[in-house]
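# Residue-level structure breakdown
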Amino acid sequence: MCGIFGAFNVDRAALHAYWGLYALQHRGQESAGICTTDGKEFFVVKKQGLVLEAIKREDLERLKGRAAVAHVRYSTAGDAGGANAQPILAETSKGTFALVHNGNLVNYKVLRKELTEEGVKFSYTSDSEVFVHLIDRSEGWVPEGMQLHPRDKDFLPYLFDALRTVEGAYSILLLLKDRLIAARDPHGFRPLQIGRSGESWFFASESVAFDIVGAEFKRELKPGEVVVVDGEGLRSYFPFRNSSARRAACIFEYIYFARPDSYIFGDWVYEVRKRLGRELAREVAGRFEVDAVVPVPDSGIVPAIGFSQESGVPLELGLIRNHYVGRSFIEPTQELRDLKVLMKLSPVKPVLRGKRIAIIDDSLVRGTTSRRIVKMLKRAGAEKVFVLIASPPVRYPCFYGIDIPTKEELIANRLDLEGIRDHIGADGLYYLSVEGMLRAVKGKREEYCTACFTGDYPTPAGG
Ligand code: AMP
């Protein structure tokens, strides 16, 4: 997972990008970077750490120009370190450009092997670099019958060619000296949105980034759309109109990943999460006798509101989150993960003592969080603790950019419902059904990627 941001025709573009990244920090905490151009030169800063740690005041002064692309990175295991930080600034046979990418390509390994055999040298281990080499080596391709604006003829054919070669999830931004280009894969796995303020254009993974720079949300790029902005305004192309790719918006963006104050895939994340909670309440009606519903902060809060409103069970904040726990505790060993849960959350005893509590969380992945919380609530005096999850069991790995552990680490693959309940020490456990989850989102079920829950992968290479 990653967050991307772009600004075009904006005074102090780097500063806007910095604010934008701040709003997107939840999408990646491993590294942050900004690349700008003043129309002649490019300037880039990218480092490990949170936005605040990675980009300093002096950096912002060096990042000159009125156009920028920026990135926060969330790496998958084994891929940590700042080496793969973006933007990637590339000098190619088609000119210099900076690239940022959110998503995961499923045919990356094949493409990398082919390109390496042709003599291409890769500088990074992330899949995003493939775009650069494909553009560099392309002889150009434009779909039959498509008319390009004269200003787009020098670059778009190479980009289109690269995009038709890659498969999987991409929301990308490319910064050239005189224009900014945005593209979203034909499945539309990851969000990518357009904002505007007067003559200034913005692009972001989530609309919350427009709020912070004072821009107005205009619309989301459509799946398969390529948008160019330059001094003449905005132009839109659909090079894959005849593609058979089905729409596959990532449902996990709604469940966990996106911020609740964002508007993505045509709906408010907040509203979807509340409906997930309502569906959960309908499904468990009559099963558990509870005195209060307690959300696991922060991700369980909105579904718990929906649950409480639907069921009439009072909502209590029986768990308080400490917002000052440092990232140094976010370590990939089990022991440290356990410690992190204890440091992050603490029980509110008067709410819990002698009560039958239903805790609500957005998802259950390894089972670590729930197990710790159940123990904590019981120690704080709760009489019974039921765990209700506002999404179905996570059973399958994600090939499209969400960091979901291997099949072996997913508790729902190792144990049945009773086994998981036992493992987490709860008096009852319930997961929202796939049907219930799909009722909570707008549109048709075929328009979403639910692979992590159902194993129904929208691309052939991801099975
Ligand atoms: P676990 O403790 O492994 O069962 O993880 C479940 C918790 O992690 C839930 O509270 C989620 O809010 C959160 N979560 C779910 N998916 C992810 C993810 N891909 N990366 C980080 N945290 C996640």
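Right above here is the structure, for reference.
Notes on the structure follow.

### Focus on the packing of aromatic side chains
Taken as a whole and assessed by the stated rule, the structure comprises 18 aromatic pairs. Relative to Tyr22, the ring of Tyr18 has its centre 5.6 Å away and its plane inclined at 70°; by these criteria the two rings are edge-to-face. A residue pair is termed a helical-turn pair when its members lie 3 or 4 positions apart in one helix, as Tyr18 and Tyr22 do in helix 1 (residues 13–23) at four residues. What makes Tyr18 buried here is its relative accessible area of 13%. Residue classification places Tyr22 among the partly exposed positions, given a relative accessible area of 37%. With a centroid separation of 5.9 Å and 65° between ring planes, the pair formed by Tyr256 and Phe257 is classed as edge-to-face. Overall, Tyr256 belongs to the partly exposed group, its relative accessible area being 38%. Among the aromatic residues, those joined into a ring-pair cluster are Tyr74, Phe252, Tyr256, Phe257 and Phe453. For Lys94, the ring lying beneath its charged end belongs to Tyr158, and the centroid distance is 4.7 Å.

### Quick look at the sheet that holds strand 21 (residues 384–389)
Sheet architecture is open: four strands sit in the order 17-20-21-22, paired in parallel fashion. Two strands lie at the open edges of the sheet, namely strand 17 (292–295) and strand 22 (428–431), each paired on one side alone. Each strand of the sheet is rotated relative to its neighbour by a mean of 25°, with strand direction disregarded. Two elements, strand 21 and strand 22, share four bridges in a ladder whose sense is parallel. Note that in strand 22 the partner of Phe386 across the bridge is Gly428. Together, strand 20 (356–361) and strand 21 form the strand contacts of helix 13 (residues 368–379), whose direction differs from that of strand 21 by roughly 155°. Sheet contacts for helix 15 (residues 417–424): strand 21 and strand 22; angle to strand 22, the most-contacted strand, approximately 125°.

Each value, and the rule that gives it
- Residues numbered from 1 in each chain as written.
- Predicted model: local features only at pLDDT ≥ 70, side-chain atom pairs only at ≥ 80, totals over all residues.
- Heavy atoms only, no water.
- Phe/Tyr/Trp six-rings, centres within 6.5 Å; stacked < 30°, edge-to-face > 60°.
- Helix = DSSP H or I, 4+ residues; strand = E, 2+ residues; numbered from the N terminus.
- Buried < 20%, exposed > 50% of the residue type's maximum accessible area, 1.4 Å probe, protein only.
- Lys NZ or Arg CZ within 6 Å of the ring centre and 35° of its normal.
- Pairing = 2+ DSSP bridges.
- Axes fitted to C-alpha atoms, helices over the stretch in contact; angles between N-to-C directions.
- Contact = heavy atoms within 4.5 Å.

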